[in-house]
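# Analysis of the macromolecular model
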Amino acid sequence: MSARKPCLGYPSRTEAVMALLDQGETPAVIARRIEAESGAPITEKMVLDLENSRLRQAQRKLGNLTTYRAYLRAAAKIDRPRVLRFLRAMMSELEGR
């Protein structure tokens, strides 16, 4: 993963792309603006790749949150008194040996 490169007044190219897309700029215009500032060749596809990268990151975070919520729901369904009785019985059995 490369380091963040400040771009067009934003902390990174990805953040610049996302902000400019939100403002209604087209990927082609964004590519030209970034290229003019940085001097490095930037294509429209690279702009779209930066946007897709951000969307994948957001989906991954959402997936992690969904998994965490599922674990919490499953934990809430555990019959704690029954589990404690079982563990106490196991401990008594192990200590008795």
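Cut-off values and rules
Residues numbered from 1 in each chain as written. Predicted model: local features only at pLDDT ≥ 70, side-chain atom pairs only at ≥ 80, totals over all residues. Heavy atoms only, no water. Core = buried A, V, L, I, M, F, W, Y, C linked by side-chain atoms within 4.5 Å. Buried < 20%, exposed > 50% of the residue type's maximum accessible area, 1.4 Å probe, protein only. Helix = DSSP H or I, 4+ residues; strand = E, 2+ residues; numbered from the N terminus. Contact = heavy atoms within 4.5 Å. Expected span 1.5 Å × (residues − 1). Arc of directions from axis to C-beta. Axes fitted to C-alpha atoms, helices over the stretch in contact; angles between N-to-C directions. Parallel < 35°, antiparallel > 145°, perpendicular 65-115°, else oblique. Nonpolar A, V, L, I, M, F, W, Y, C, P; charged D, E, K, R; others polar.

### Structural notes on the nonpolar core
In this structure, Cys7, Leu8, Ala16, Val17, Leu20, Ile30, Ala31, Ile34, Ile42 and Val47 together form the largest nonpolar core, which totals ten residues. Secondary-structure elements contributing two or more residues to this core are helix H1 (13-22) and helix H2 (27-38). If sequence neighbours within four positions are ignored, Val17 has contacts with Ile30, Ile34, Val47, Leu50 and Glu51.

### Things to note about H2
Along an α-helix, a turn takes 3.6 residues, which lines up residues three or four apart on a common side. Here H2 contains twelve residues, and its C-alpha end-to-end distance of 16 Å stays within 8% of the 16 Å for a straight helix at 1.5 Å per residue. Every buried residue belonging to H2 is among Pro27, Ile30, Ala31 and Ile34, and all of these are buried. The buried residues of H2 occupy one face: seen down the axis, they fall within an arc of 100°. Turned more than 90 degrees off the buried face of H2, the exposed positions are Arg32 and Ala36.

### Things to note about the side chain of Thr14
Residue position: Thr14 is located in helix H1. Note on Thr14: relative accessible area 16%, which makes it buried.

### Quick word on the side chain of Ser12
You can see Ser12 is positioned in the segment before H1. If we skip the residues at most four places from it in the chain, Ser12 touches Arg4, Lys5, Pro6 and Cys7.

### Looking at the packing of H2 against helix H3 (residues 44-76)
With their axes 8 Å apart at the nearest point, H2 and H3 run at an angle of 105° to one another. Taken together, the axes of H2 and H3 are roughly perpendicular relative to one another. Residues Pro27, Ala28, Ile30 and Ala31 of H2 form the contact with H3, whose participating residues are Glu44, Val47 and Leu48. Tallied by class, residues from the contact of H2 with H3 come to six nonpolar, no polar and one charged.

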